[in-house]
Amino acid sequence: MDNDWIVGRLKDLSDEDYRQYTKKLVSTVPPEKIIGVRAPKLQALAAEFATRAEDCAAFLKELPHHWYEENVLHAYLLSTAEDESDYAECMARIEKFLPFVDNWAVCDAINPKVFARHPKGLEEKISEWLRAEHAYTIRFGLLTLMRHYLDEFFDEEHFQQVIDVSSSEYYVQMAEAWYFATALVKRYDQTVALLENEMLEPTVHGMTIQKAVASQRIPYERKKYLRTLKLSQ
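Residues numbered from 1 in each chain as written. Predicted model: local features only at pLDDT ≥ 70, side-chain atom pairs only at ≥ 80, totals over all residues. Heavy atoms only, no water.

## Topic: the packing of aromatic side chains
In this description, a pair of aromatic rings is defined by centroid distance and the angle of the planes. Scanning all chains against the criterion turns up 14 aromatic pairs. Seen in terms of ring centroids, F115 and W129 are 6.5 Å apart; in terms of plane orientation they differ by 25°. Their pairing is stacked. Of this pair, F115 sits in the loop between α7 (104-109) and α8 (119-130) while W129 sits in helix α8, and the two are 14 residues apart along the sequence. Classification of F115 as buried rests on a relative accessible area of 2%. Aromatic pair F115 and F140: ring centres 6.4 Å apart, planes at 55°, arrangement tilted. In this pair, F115 sits in the loop between α7 and α8 while F140 sits in helix α9 (residues 135-148), placing the two residues 25 residues apart along the sequence. As far as the burial class goes, F115 and F140 line up, both buried. Linked through ring pairs, Y87, F115, W129 and F140 together constitute an aromatic cluster. Positioned above the aromatic ring of Y188, the side-chain terminus of R222 is 4.0 Å from the ring centre. (Phe/Tyr/Trp six-rings, centres within 6.5 Å; stacked < 30°, edge-to-face > 60°. Helix = DSSP H or I, 4+ residues; strand = E, 2+ residues; numbered from the N terminus. Buried < 20%, exposed > 50% of the residue type's maximum accessible area, 1.4 Å probe, protein only. Lys NZ or Arg CZ within 6 Å of the ring centre and 35° of its normal.)

Have a look at this one:
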């Protein structure tokens with residue numbers, strides 16, 4: 001399949017109002033690289049495309065992509081991997097793709113179903129991603145840790161791994177805060193102790209409280225207490 005076919009399909013699905021919205025939403029992407037396709041239509045195209053194994057494999061090898069929506073489509077296709085036999089290939093494709101991820105929306109769209117089947121091997125990869133230099137590789141590691149290691153496979157050492165992430169990048173710090181705010185939902189006592197003892201970098205500390213207070217999953221009384229833990233200026 002010619003890549004022009006994919007771009008043609010994306011342009012057929014374009015929405016000018018949504019293109020203008022997306023330009024503001026992902027401001028790190030050059031506006032001339034945004035077509036403007038809504039997520040449900042991209043997801044439907046990914047589902048259709050995933051059934052065409054050879055065409056899909058060819059598209060996933062064609063990096064870098066030019067259009068923002070091609071990258072989102074790529075992320076959605078990676079996320080369809082579900083069978084245990086798909087894990088190694090999915091991981092190889094993710095490793096190839098991550099260096100080209102240049103915005104939070106594409107990064108956050110990568111969420112392979114097969115990851116839930118490999119808690120041990122995945123944990124080792126997360127450690128590598130958290131030590132990367134590329135901001136969106138770090139963010140992907142943080143979100144993967146948040147999605148898969150705050151429940152059955154939680155280990156308090158994960159907290160230290162996140163604390164040890166040293167980055168001034170806004171989208172990395174926001175992912176750290178998202179991780180700890182989610183941890184406050186699932187493991188409140190262990191997480192609130194980090195805030196009480198001021199273990200987080202000040203910006204991440206503030207962002208974590210801000211996100212937690214905005215969460216509908218944290219009770220009012222806990223939010224009230226969390227507000228008292230804001231750092232003085």
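On we go from here.
## Considering helix α3 (residues 39-50)
Taking 1.5 Å as the rise per residue, α3 with 12 residues should run 16 Å; its terminal C-alpha atoms sit 16 Å apart, in good agreement. All buried positions along α3 are accounted for by L42, L45, A46 and F49. Buried residues of α3, seen end-on, are gathered within an arc of 105° and therefore sit on one face of the element. For α3, the elements touching its buried residues are α1 (3-12), α4 (53-61) and α5 (68-79). (Expected span 1.5 Å × (residues − 1). Arc of directions from axis to C-beta. Contact = heavy atoms within 4.5 Å.)

## Some details on the pattern of salt bridges
In the structure shown here, the tally under the stated rule is nine salt bridges. Of the charged contacts, one joins R93 and E89 as a salt bridge, the two residues approaching to 3.2 Å between their closest N and O atoms. Remark: E89 and R93 occur in helix α6 (residues 87-97); sequence separation between them is four residues, near one turn of the helix. Classification of R93 as partly exposed rests on a relative accessible area of 25%. Assessed through its relative accessible area of 45%, E89 is described here as partly exposed. In this structure, D108 and R139 form a salt bridge, with 2.8 Å as the shortest nitrogen-oxygen distance. Taken together, the positions of D108 in helix α7 and R139 in helix α9 put the pair 31 residues apart, joining distant regions of the chain. Each member of the pair D108 and R139 is classed as buried. Ionic contacts of the salt-bridge type, sharing partners, join the residues E95, K125 and E128 into one network. (Salt bridge = Lys/Arg side-chain N within 4 Å of Asp/Glu carboxyl O.)

## Regarding unusual backbone geometry
The omega angle of the peptide bond from L63 to P64 is 0°, so this bond is cis rather than trans. Of note, P64 is situated in the loop between α4 and α5. Even without glycine at this site, E198 takes up a positive phi of about 50°.

## Topic: the environment of Y21
As for its placement among the helices and strands, Y21 is situated in helix α2 (residues 16-25). Look at Y21 and you get partly exposed, because its relative accessible area is 45%. Y21 sits 84 residues away from A105 along the chain, and the two C-alpha atoms are 13 Å apart.

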